[in-house]
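# Structural characterization, general
Residues per chain, in single letters:
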Amino acid sequence: MIKLAHPIIEDDEQQAVLGALRSGQLAQGPRVAAFEHAFAEYVGVRHAVAVNSGTAALHTALLAHDIGSMSSGGAAEDEVIVPAFSFAATANTVLQAGAQPVFVDIREGDFNIDPDAIAAAITSRTRAIVGVHLYGQMCDALAIKALCDEQGIIFIEDAAQAVGASFGGKNAGSIGTGCFSLYATKNLTTGEGGMIVTSDDAIAERARAIRSQGERTRYVTDELGWNYRMTEPAAALGLAQLAKLDARNERRRKNGARLSELLANNDRIVTPREAPGQVHAWHQYTIRVKGGREARDRLRSALRDRGIESAVFYPAPIHRQPLYERLGYSDLELPIAARLAEEVLSLPIHPALSEDDLRSIADAVNSVTSPND
Ligand SMILES: Cc1ncc(COP(=O)(O)O)c(C=O)c1O
């Protein structure tokens, strides 16, 4: 079986976790502080605040910016513009903060939020824009940040899938308030985990309070907070993984380039491209299958028959999820998100793949013909 994701935890990474387990301190402590320090340095910002999921990172970032009725300074009317094509957490966290998600369409070329659609969706209630760096390639973050600054709106980067990516020389997470996921299948993992990054001292200070019951002093709750703290074994693993991130991302890049080479003559699919100025983190290698859902699903089952795992990220835009339909978004039409949900298929690209694996994947994709052939 060629798996879609394969977390690599080498000896030194295992030893780091054992060291934490043997240290006598399991909850947030010196390893979390060291991991935060190293992560902030890696991204090139002043602060990193470790939490226990990417969802917690997004939720905390929104609250720290006083967005939504669950924050100390926001309101239920606050609107947050999000791309319709993402993992549900991108919008769920807006609801969790007590604000209103406003879904906009994406661009066909890079699957990311369309800056023109953002500009058209801004109202007097818009408080923030969440730009997702889908599959590991950054959205048009510099243009979106400029728009946000012009309008007095907060820019949050959902960099859950994009650790190690950059655009125009700026690292993912360093343009807005950056939120990362360190989930098991991500390029850098702590099992479950997340990180908020910012150079704004006040936002970092608030995020630290919100992740721990709103406490600034032990047992003094200043504002509403949660338990979003990271554990020491998780941080030990994260710190050890961070040292290997660039090398592992480079393997992903090579694997992606090799797959694209092997798939170059296949005119039934569109292979992913790194846009000019982008350094793609290649979290996912996502092709588009011409012919829509039926052709895509046929290819997926042919790959399964040959022992190759693939996945559809995501089978429906977020506003088509039952929760959002019930909340009143069912009439919203976002055609590009709707079409790409029927065409996308992510193939294995992880760093543990061999040349034989890559050939098997490409052979399997190339062997599937259309029903008219
Ligand atoms: C785009 C995006 N946003 C947010 C999240 C949430 O992260 P987590 O699963 O760590 O809570 C994910 C996780 O996969 C994601 O892909």
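Residues numbered from 1 in each chain as written. Predicted model: local features only at pLDDT ≥ 70, side-chain atom pairs only at ≥ 80, totals over all residues. Heavy atoms only, no water.

### Describing the side chain of Asp158
For the record, the criterion: Only DSSP runs of H or I covering at least 4 residues are called helices, and only runs of E covering at least 2 are called strands; the numbering of each starts at the N terminus. In this scheme, a residue with accessible area under 20% of its type's maximum is buried, one over 50% is exposed, and one in between is partly exposed, where area comes from a 1.4 Å probe on protein chains only. For the purpose of charge, His is not counted, nor are the chain termini; Lys and Arg are scored as positive and Asp and Glu as negative. Salt-bridge detection follows one rule: a side-chain nitrogen of Lys or Arg within 4 Å of a carboxyl oxygen of Asp or Glu. Contact criterion: two residues are considered in contact whenever any of their non-hydrogen atoms come within 4.5 Å of each other.
Mapped onto the elements of the fold, Asp158 is located in strand β5 (residues 154-158). Buried and unpaired, Asp158 has no salt bridge, with Lys186 as the nearest side chain of opposite charge at 8.1 Å. If sequence neighbours within four positions are ignored, Asp158 has contacts with Leu58, Thr90, Val130, Gly131, Val132, His133 and Cys179.

### Description of the confidence of the model for the protein chain
Fine structural detail should not be taken from predicted coordinates in areas where pLDDT scores are low. As a reminder of what qualifies: Within a predicted model, pLDDT stands for the predictor's per-residue confidence, ranging from 0 to 100.
Looking at the protein chain, pLDDT values average 97 and 99% of them are 70 or higher. For the protein chain, strand β11 (residues 220-221) is the element with the lowest average pLDDT, namely 95, and strand β9 (residues 194-198) is the one with the highest, namely 99.

### Overview of the side chain of Arg206
Rules: We call two N or O atoms a polar contact when they sit within 3.5 Å, provided that within protein one can donate a hydrogen and the other can accept it, with sequence-adjacent residues counted only if both atoms are side-chain atoms.
Here Arg206 lies in helix α7 (residues 201-210). Relative accessible area serves as the criterion here: at 14%, Arg206 is assigned to the buried category. Polar side-chain contacts of Arg206 include one of 3.1 Å to the side chain of Asp66. For Arg206, the side chain forms a polar contact with the side chain of Glu223, separated by 2.7 Å. Leaving out residues up to four positions away in the same chain, Arg206 has contacts with Leu63, Ala64, Asp66, Ser72, Arg216 and Glu223.

### What to know about the sheet that holds β5
What counts here: By definition, two strands form a pair when at least two bridges between them are found by DSSP. Only the stretch in contact is used when fitting a helix axis, every axis being a line fitted to C-alpha atoms; angles between N-to-C directions are given from 0 to 180 degrees.
Pairing in this open sheet of seven strands is mixed, and the strands run β1-β9-β8-β5-β4-β2-β3 from one edge to the other. Single-partner strands in this sheet number two, and they are β1 (47-51) and β3 (100-104). For this sheet, the mean angle separating the axes of adjacent strands, direction not counted, is 20 degrees. Across five bridges, strand β2 (residues 79-83) lies against β3 in parallel orientation. Bridging from a neighbouring strand, Val80 pairs with Pro101 of β3.

### A closer look at unusual backbone geometry
In this structure, Tyr314 follows Phe313 across a cis peptide bond, with omega equal to 15 degrees. Unlike most non-glycine residues, Asp66 shows phi in positive territory, near 60 degrees. Take Asp66: it is sitting in the loop between α3 (54-64) and β2. For Asp66, a relative accessible area of 23% gives the class partly exposed. Despite not being glycine, Phe111 has its phi angle at roughly 65 degrees, a positive value. If you trace the backbone, Phe111 turns up in the loop between β3 and α5 (115-121). Given the relative accessible area of 8%, Phe111 is considered buried.

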